[in-house]
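Descriptive analysis of the structure
Residue strings, one per chain:
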Amino acid sequence: MYASAVVAILNQQLANLSDLHSQTKQAHWNVRGQEFYQLHKLFDDLAAPLQPQIDVLAERAVTLGGVALGTVRCAAESSELEEFPHEAGAFEYVKELAERFANVANSVRDAIDETEKLQDATTVDLLTEISGELDKSVYFLEAHFRS
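Residues numbered from 1 in each chain as written. Predicted model: local features only at pLDDT ≥ 70, side-chain atom pairs only at ≥ 80, totals over all residues. Heavy atoms only, no water.

**So, the environment of Ser4**
- Its location among the elements puts Ser4 in helix α1 (residues 2-30).
- Sequence spacing of Ser4 and Leu127 is 123 residues, and the spatial spacing of their C-alpha atoms is 17 Å. (Helix = DSSP H or I, 4+ residues; strand = E, 2+ residues; numbered from the N terminus.)

Encoded structure:
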């Protein structure tokens, strides 16, 4: 069924974005070094738009008759992201987050392609908006180590 396929796609993105949010907050809480304030603020700014995006994904899954699998345990079990390093850092965190934001952005783009094939224009639009925000976050992170 079309709706169940879209709900599965939404739940994968819900897991990825939930994990990305928690990893970004992990970096925010544990950043150290000379650039502490700048990075502490940046990481918080990057985490902020993820929460409403998570909510929109979950509500779309439920709207389609599915169940939003949004607990921390569901996210940990289903996320496509690697575990975030536990050692405190600064620019190492920037690189780690840049990689994770890029991975989630790529996954969202794949989800856009899949939902286009399923002819769900509403979900395509929702994911396209999220994709743009993720791309902007990748830019903000990568600007720190590009010349």
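Moving on from the coordinates now.
**Quick look at the packing of α1 against helix α5 (residues 91-117)**
- Relative to each other, α1 and α5 sit at 165°, their axes nearing to 10 Å. With respect to α5, the element α1 is oriented roughly antiparallel. Crossing handedness for the pair α1 and α5: left-handed. Contacts from Val6, Ile9, Gln13, Asn16, Leu17, Leu20, Gln23, Thr24, Gln26, Ala27 and Asn30 of α1 reach α5 at Tyr93, Leu97, Arg100, Phe101, Val104, Ser107, Val108, Ala111, Glu114 and Thr115. (Axes fitted to C-alpha atoms, helices over the stretch in contact; angles between N-to-C directions. Parallel < 35°, antiparallel > 145°, perpendicular 65-115°, else oblique. Left-handed = near helix turned anticlockwise from the far one by under 90°. Contact = heavy atoms within 4.5 Å.)

**Some words on unusual backbone geometry**
- Its identity is not glycine, yet Gln119 carries a phi of approximately 60°, on the positive side.
- On the secondary structure map, Gln119 appears in the loop between α5 and α6 (121-142).
- You can call Gln119 exposed: its relative accessible area is 70%. (Buried < 20%, exposed > 50% of the residue type's maximum accessible area, 1.4 Å probe, protein only.)

**Some words on a negative patch on the surface**
- On the surface, a cluster of negative charge is made up of Glu80, Asp110, Asp113, Glu114 and Glu116.
- Mapped onto the elements, Glu114 comes out in helix α5.
- Its relative accessible area of 41% is what places Glu114 among the partly exposed residues. (Patch = residues over 30% accessible without salt bridge, like charges linked within 9 Å, V, L, I, M, F, W, Y side chains within 5 Å. Areas by Shrake-Rupley, 256 points an atom, 1.4 Å probe, with all protein chains shown as cover. Salt bridge = Lys/Arg side-chain N within 4 Å of Asp/Glu carboxyl O. Lys, Arg positive; Asp, Glu negative; His and termini not counted. Charge placed at Lys NZ, Arg CZ, Asp CG, Glu CD.)

**Some remarks on the environment of Phe36**
- One can find Phe36 in helix α2 (residues 36-47).
- Separated by 53 residues in sequence, Phe36 and Gly89 have C-alpha atoms that sit 9.3 Å apart.

**Details of the pattern of salt bridges**
- Per the stated rule, a full pass over the model turns up seven salt bridges.
- Between Arg100 and Glu96 there is a salt bridge, with the nearest N and O atoms lying 2.6 Å from each other. Of this pair, Arg100 and Glu96 both sit in helix α5, four residues apart, which is roughly one turn of the helix.
- For Lys136, the salt bridge is made with Glu133, and the minimal N-O distance between the two is 3.8 Å. Taken as a pair, Lys136 and Glu133 lie in helix α6 at a separation of three residues, close to a single helical turn.
- Judged by relative accessible area, Lys136 falls into the partly exposed class, the value being 39%.

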